[in-house]
Amino acid sequence: MTDTRPDLVIYGSPISPFVRKVAGVCIAKDVPYEVEAINVFDPPAWFRDISPMKRIPVLRDRSVAEEGLAGTIADSSAICAMIEKKHPAPALYPDDPMALGEALFIEEYADTALAMAGGLGIFRPIFFAVSKGEEPDLDKARQAWNVQLPPIFDVLEARLGGAAFFAGEALSIADITVTAVLMQVSLVAETPLATWPGLAAHFEAMKALPLIAQPYAAAEKLVRRALPTPFDLT
Ligand SMILES: N[C@@H](CCC(=O)N[C@@H](CS)C(=O)NCC(=O)O)C(=O)O
């Protein structure tokens, strides 16, 4: 019997924006993948061996090895760059050197500054609490939305400069990463962006793309069980 399983396995959960970023890259390139569930807060021993920082996602390429360290890559940025090399079309990294640098900077900025404020500042204090039946820390979430995020949105608005894409003239890893990470807020809270019209237009356009919408729908299904309605943090 032939093996119909996809080569690429993403270990993690769609609730992670970094898992959704990798899934988005696979969808953009029409590369089959599957997500294998890992609870990163209580992972099996074999997962610790392939995730030195105990983080999701880790990618496995079954065409390289089915188990062990071989054939695995930790960190979403490393994973996405590997998928780009293996499946070059459509390109998600600009050719132009400056545009490439900008795309990689925006990816890093979203993975760090935006993820800290939106993920650690908003998603976790709400979702981790409600999924345990506890009261969410809305003060912390409101502080993140009203104080931590605006200067980050200012940077993104300025970098975008009213364009359709963050780097070069086409969809890139920068657009996918910003949207995947920003949608971590949408999972638990309303995300009004009227103060940043360029970013708002970009966010709306990106959300409509299947490469963003499909992984987000998988996350939303899980999150809505514990939190039927997102909060208003304004
Ligand atoms: N830079 C990493 C970040 C991955 C990351 O922080 N993942 C979170 C889930 S969204 C995680 O695994 N957290 C586990 C923990 O905090 O112990 C990447 O891009 O893959």
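Residues numbered from 1 in each chain as written. Predicted model: local features only at pLDDT ≥ 70, side-chain atom pairs only at ≥ 80, totals over all residues. Heavy atoms only, no water.

## Things to note about the site of the ligand
Test applied: Any residue with a heavy atom lying within 4 Å of a molecule or strand is counted as near it. In protein, a polar contact requires one atom able to donate a hydrogen and another able to accept it; more generally it is a pair of N or O atoms within 3.5 Å, and residues adjacent in sequence count only if both atoms are side-chain atoms. To be clear on the numbers: accessible area is Shrake-Rupley with a 1.4 Å probe, and residue cover counts the displayed protein chains and nothing else. The rule is simple: put a 1 Å grid over the protein atoms alone, call a set of points where a 1.4 Å probe fits but cannot get out a cavity, call an open set with protein on both sides within 12 Å along at least five of seven lines a pocket, and count a residue as lining if it has an atom within 4 Å of a point. Pocket occupancy is defined atom-wise: a molecule lies in a cavity or pocket when more than half of its atoms are within 2 Å of its grid points. Asp, Glu, Lys and Arg are counted as charged, while Ala, Val, Leu, Ile, Met, Phe, Trp, Tyr, Cys and Pro are counted as nonpolar; the rest, among them Gly, fall into the polar class.
In the region of the ligand, the neighbouring residues are Ser16, Pro17, Phe18, Val40, Phe41, Lys54, Arg55, Ile56, Pro57, Asp75, Ser76 and Arg124. Here Ile56 contributes a backbone N or O atom positioned 2.8 Å from an oxygen atom of the ligand. Between Arg124 and the ligand, the recorded distance is 3.3 Å, taken from a side-chain N or O atom to an oxygen atom. Burial of the ligand by the surrounding chains reaches 79%, relative to a free accessible area of 520 Å². Spatially, the ligand is embedded in the largest pocket. Its residues placed into classes, the shell around the ligand shows six nonpolar, two polar and four charged.

## Observations concerning the nonpolar core
Condition: Nonpolar core, defined: a set of buried Ala, Val, Leu, Ile, Met, Phe, Trp, Tyr and Cys residues in which side-chain atoms within 4.5 Å join the residues together. Only protein chains enter the accessibility calculation, which uses a 1.4 Å probe; a residue is then buried when its area is under 20% of its type maximum, exposed when over 50%, and partly exposed in between. Should any heavy atoms of two residues lie within 4.5 Å, those residues are considered in contact.
Ranked by size, the top nonpolar core spans 71 residues in total, and within it Leu114, Ile122, Leu149, Phe153, Leu156, Val188 and Leu193 carry the most contacts. Once you skip the residues sitting within four places of it in the chain, Leu114 turns out to touch Tyr109, Gly119, Leu149, Ile152, Phe153, Leu156, Val178, Val181 and Leu182.

## Remarks on the packing of helix H5 (residues 138-160) against helix H7 (residues 197-207)
Where we set the bar: Simply put, an axis is a line fit to the C-alpha atoms, just over the touching stretch for a helix, and the angle between two N-to-C directions goes from 0 to 180 degrees. A run of H or I in DSSP becomes a helix once it reaches four residues, and a run of E becomes a strand once it reaches two; helices and strands are each numbered from the N terminus. Here the angle decides the label: under 35 degrees means roughly parallel, over 145 means roughly antiparallel, 65 to 115 means roughly perpendicular, and every other value means oblique.
Two elements in contact, H5 and H7, have axes whose closest approach is 8 Å; the angle formed by their N-to-C orientations is 80°. As far as their axial angle goes, H7 and H5 are roughly perpendicular. The segment H5 lies against H7, with Phe153, Leu156, Glu157 and Leu160 engaging Pro197, Gly198, Leu199 and His202. Here the contact of H5 with H7 is composed, by residue class, of five nonpolar, two polar and one charged.

## Description of H5
In an α-helix, one turn spans 3.6 residues, which is why side chains three or four residues apart end up on the same side. Note the following rule: The angle separating two fitted axes, one through the seven residues that finish at a residue and one through the seven that start at it, defines the bend at that residue.
At Leu149, H5 shows its largest kink, close to 50°, and the proline Pro150 lies no more than four residues downstream. Listing the buried residues of H5 in full gives Leu138, Ala141, Ala144, Trp145, Leu149, Pro150, Ile152, Phe153, Leu156, Glu157 and Leu160. Buried residues in H5 make contact with helix H4 (97-130), helix H6 (173-186) and H7.

## Details of the packing of aromatic side chains
Basically, it comes down to this: Here a Phe, Tyr or Trp ring, Trp counted by its six-membered ring, pairs with any other such ring whose centre lies within 6.5 Å, and the pair is stacked when the planes are under 30 degrees apart, edge-to-face when over 60, and tilted otherwise.
With the rule as written, the count across this model stands at eight aromatic pairs. A ring pair is formed by Tyr11 and Phe47, whose centres lie 6.5 Å apart and whose planes are at 80°; its orientation type is edge-to-face. Here Tyr11, found in strand E1 (residues 8-12), pairs with Phe47, found in helix H2 (residues 45-50); they are 36 residues apart in sequence, far enough to count as distant. Each member of the pair, Tyr11 as well as Phe47, is classed as buried.

## Quick notes on the layout of surface pockets
Here is the rule we go by: Grid points are joined across faces, edges and corners, and a volume is the space filled by probe spheres set on the points.
Roughly 1100 Å³ of volume is contained in the largest pocket. As for the largest pocket, its lining consists of 40 residues, of which Ser16, Phe18, Arg55, Ile56 and Arg124 are closest to the centre. Going through the elements one at a time, helix H1 (17-28), helix H3 (76-86), H4 and H6 are the ones with two or more residues in the lining of the largest pocket. In terms of residue count, H4 provides more of the lining of the largest pocket than any other element does, 13 residues in total. Among the residues making up the lining of the largest pocket, the classes are represented as 22 nonpolar, 12 polar and six charged.

## Observations regarding the domain arrangement of the protein chain
Rules: Start and end positions for the domains come from either an automated domain assignment or a database one. The quantity reported as buried area is the accessible area (1.4 Å probe) lost by two parts once they are put together, taken as the sum for both. In what follows, salt bridge is the name for a side-chain nitrogen of Lys or Arg lying within 4 Å of a carboxyl oxygen of Asp or Glu.
Its domain assignment divides the protein chain into domain 1 (8-86) and domain 2 (97-226). Measuring from the centre of the C-alpha atoms in domain 1 to the corresponding centre in domain 2 gives 21 Å. Listed by partner, the interface residues are 17 residues for domain 1 and 24 residues for domain 2. For the pair domain 1 and domain 2, the summed buried surface comes to about 1500 Å²; carbon and sulfur atoms form 74% of the total. Contact with domain 2 buries area across many residues of domain 1, yet Ile15, Arg20 and Lys21 alone supply 40% of it, more than any other trio. At the surface where domain 1 touches domain 2, the tally comes to two salt bridges. Salt-bridge contacts for Lys21 lead to Asp111; the nearest nitrogen and oxygen are separated by 2.9 Å. Our count for the contact surface shared by domain 1 and domain 2 stands at seven residue pairs in polar contact (both at pLDDT 80 or more). Of all elements in the fold, only H1 and H3 reach the threshold of two or more residues within the side of domain 1 that touches domain 2. Here the side of domain 1 that touches domain 2 gets nine residues from one element, more than from any other, and that element is H1.

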